[in-house]
Amino acid sequence: MDEFVATFFNLEVVRAASPILLQGLWVTVQLIVVAVPLGLLGGVILALLSTIRSRWVRWPLIAWVDFFRAFPPLVLLMFLYAGLPFAGIELGAFGAVAIGFFLNTSSYYGEIFRAGIESIPRGQMEAARSTGLTAVQAMTWVILPQAVRNVLPDLVSNTLEVVKLTSIASVVALPELLYQARQAQSVTYNPSPIVAAAVIYFLLLWPAVRLLSRLEHRAVARR
Amino acid sequence: MLSGGAILEARGIHKHFGHLHVLKGVDLVVAPRELVFIIGPSGSGKSTLLRCCNRLEEPSSGSVVVDGIDLLDRRTDINAARRRIGMVFQSFNLYPHMTALGNVSLALRRVLGRSREEAEEIAHAALRRVGLDEKANAYPLELSGGQQQRVAIARAIALEPRVMLFDEPTSALDPELVGGVLKVMRELRESGMTMVVVSHEMGFARAAADRVLFMDHGLVVEEGPPAQIFGEPRAERLRGFLRDLDRH
Amino acid sequence: MTNWEQFLFTFFNAKVMAAYLPKIIDGFFLTVWLALLIVLSGLALGLLLAVVRSFRIRPVNWLIVFLVDLFRALPPLVIIVLIYFGLPSVGLAPSGFVSTWLSLTFVLAAFAEEIFWAGILAVPKGQWEAARSTGMGFAQTLGWVVLPQAVRLTIPPLTNRTIAITKGTALGSVVAVAEILSQASAGVSFSSNPSPLTLGAIAYLVLFVPVVAFGRWVETRFAWKR
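Because the structure is a prediction, the values reported are computed rather than measured.

Cut-offs used in this document
- Residues numbered from 1 in each chain as written.
- Chains lettered and ligands numbered in written order.
- Predicted model: local features only at pLDDT ≥ 70, side-chain atom pairs only at ≥ 80, totals over all residues.
- Heavy atoms only, no water.
- Contact = heavy atoms within 4.5 Å.
- Buried area = accessible area lost by both parts, 1.4 Å probe.
- Salt bridge = Lys/Arg side-chain N within 4 Å of Asp/Glu carboxyl O.
- Helix = DSSP H or I, 4+ residues; strand = E, 2+ residues; numbered from the N terminus.
- Nonpolar A, V, L, I, M, F, W, Y, C, P; charged D, E, K, R; others polar.
- Patch = residues over 30% accessible without salt bridge, like charges linked within 9 Å, V, L, I, M, F, W, Y side chains within 5 Å.
- Areas by Shrake-Rupley, 256 points an atom, 1.4 Å probe, with all protein chains shown as cover.
- Buried < 20%, exposed > 50% of the residue type's maximum accessible area, 1.4 Å probe, protein only.

1. Thoughts on the interface of chain C and chain B
Line of reasoning, step 1. Opposite the 18 residues of chain C that make contact, chain B presents 22 residues.
Line of reasoning, step 2. Among the residues chain C hides against chain B, the three largest losses belong to Ser133, Thr134 and Trp144 of chain C. Together they make up 32% of the total.
Line of reasoning, step 3. Applying the counting criterion to the chain C and chain B interface returns one salt bridge.
Line of reasoning, step 4. Across the pair glutamate 129 of chain C and arginine 51 of chain B runs a salt bridge whose closest N-O atoms are separated by 2.5 Å.
Line of reasoning, step 5. At the level of elements, helix H6 (125–133) and helix H7 (138–166) of chain C are the ones that each hand at least two residues to the side of chain C that touches chain B.
Line of reasoning, step 6. Examining the composition of the side of chain C that touches chain B, we find that eight residues originate from one element, H6 of chain C, more than from any other.
Line of reasoning, step 7. In terms of residue class, the side of chain C that touches chain B is built from six nonpolar, eight polar and four charged.

And the structure:
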């Protein structure tokens, strides 16, 4: 047992590694702050485009969304990071992560917003337009607020996935939390820094998981 | 009231939900082949009493003996006892993922351990008794409410219960579908089934019941043959209840 | 050479592609195999946990809820790395394949348990009562009446979650599993040409576009039907 603790919960190792773990956490936070709003914005745009009934918009849009949902995000990231430089496009680690995340997560957010908009009865739009609101105003003030409320659990759930996904940035040597933890592990020959990173992720995300679980159960109970 | 030969004998039943005292010492004794009707305003505890009789609700105190078996004894195999007590619910509670035949034969196979052929033969016979054998392969969603309730009755009688409990069997039905269900219940009665019915079908109570219990606020306020309960009610609360019914 | 020819020569180099196609195909089948294993073990474990949870034994349920929360909160790559780089310190040395399989199995099981449990709770109480009133026991009622309905309710969310998690097989490349991405990356470094990566991308599309389309179909097919 002592050996187990010394191996996986070695406080001395963790203390020594804590400065770079904190640096890693800071980069992770920066990634989240960039990726989540960008993904939400892209998602809203995709969802609004999907309300256009023309098939010249509809089919390319479905193809676009399914393409980026079918692609494992890590594959997309590797393509941007290791493939594009051959075409003379150097995005750098952060650029590749930002663009890859935008393409991937906006497709997921887009599907969620689309489902939300489709859950609002047509009468809402008609009522809003009948009071003189423009289509854009009706969308902004009447449809979207209701749509967001209807799909709130899915939005929270997807955001949680996006935050967890930032850990794949370690593969392209972006010095976020997991990357720094592995650096520390390879220097100290002790896995405690990785355990510490896991604990940090858990403490960071546990409240969101609890909230989600309650939202989901409430959604089930309402039916 | 003959207590010795009773099929169902519930005595001194109390039931608390939190600090709500729903049943305040109720006796319900039912003789073989008897049809007992329980009436009363909503919230009077009639459904709770019925559900205590097969321990879907655990009485807070009292005793329930069905066909000589003490239901509240820890050593009693409650599942074996429940097979002898058929129950029909207000909302039918048919299994939506199974056909009518599947609904009726499930317990025959899983509880009584009958083979598929045997179980289906019994199930077909039960469905014939409720006049729905031609719907044996229909799913509940494809049936009307009245038909669903008749399948639910078939599900209960297929197990050859010694007594059947009906919990507002027609309350969820459109008026034109009530008749079919009552007809099946009348036929059951004529075949000698012992029945306890919680219902608002006063016409049926008048015509078919041997005895009527009026419950209010967790107590049996008055009981007697239907002619007495409906013809010359004594308790003020019963008279008020019947007046309100006439008005609606 | 025009720009377009240059682009084709770089990303769709026929010679390089031909050379690495067999490797990518190997990786393809390994990915399929790994994904199938994860789906089977993850869903089975998730269902088992949901069934155990329905017995409502307090301390057991606390443990299940904690484990489910844990594996929903941790990034899958962190779990993979922890198992692959951590366990050797105590004398266990799971391969990259086993590490990835175990990690994603736990993650899928956690999500599946939540979804199955929500499904079990969504089955109306009357179904339990009807079955119990015919003399069926708790386990029989759960198995014959409640679970068949619960599983049906859970098919759409479960399908999408399962697809999302099986795409995580690409994370195995980090711990030397010779799946598609790993083979493609190795090909890029050997040939100094990105065509193997293009090939890998196509392999993923061949694998997952039908799966995503299937998920879309399942969603509309089972939506609001009970």
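Still more to cover.
2. Considering a nonpolar patch on the surface
Line of reasoning, step 1. Among the surface-exposed residues, Met1, Phe4, Val5 and Phe9 of chain A together with Val90 and Leu92 of chain C lie close enough to one another that they form a single nonpolar patch of about 590 Å² accessible area.
Line of reasoning, step 2. Relative to the assigned elements, leucine 92 of chain C resides in the loop between helix H4 (76–86) and helix H5 (96–122).

3. Here's the deal with the pattern of salt bridges
When the charged atoms of two side chains lie near each other, side chains of opposite charge can form a pair.
Line of reasoning, step 1. Within this structure, the stated rule accounts for 31 salt bridges over all chains.
Line of reasoning, step 2. Put simply, arginine 114 of chain A and glutamate 118 of chain A hold a salt bridge, and the shortest N to O gap is 3.1 Å. With arginine 114 of chain A and glutamate 118 of chain A both in helix H5 (residues 92–118), this residue pair falls four residues apart, about one helical turn.
Line of reasoning, step 3. A salt bridge links glutamate 114 of chain C to arginine 53 of chain C; its shortest N-O distance comes to 3.4 Å. Taken together, the residues span a long stretch of sequence, with glutamate 114 of chain C in helix H5 and arginine 53 of chain C in helix H2 (residues 14–54) at a distance of 61 residues. Across this residue pair, the class does not change: glutamate 114 of chain C and arginine 53 of chain C are buried.
Line of reasoning, step 4. One salt-bridge network, in which partners are shared between bridges, spans Asp66, Arg69, Glu111, Arg114 and Glu118 of chain A together with Arg216 of chain C.

Distances and angles like these do not, on their own, reveal function.
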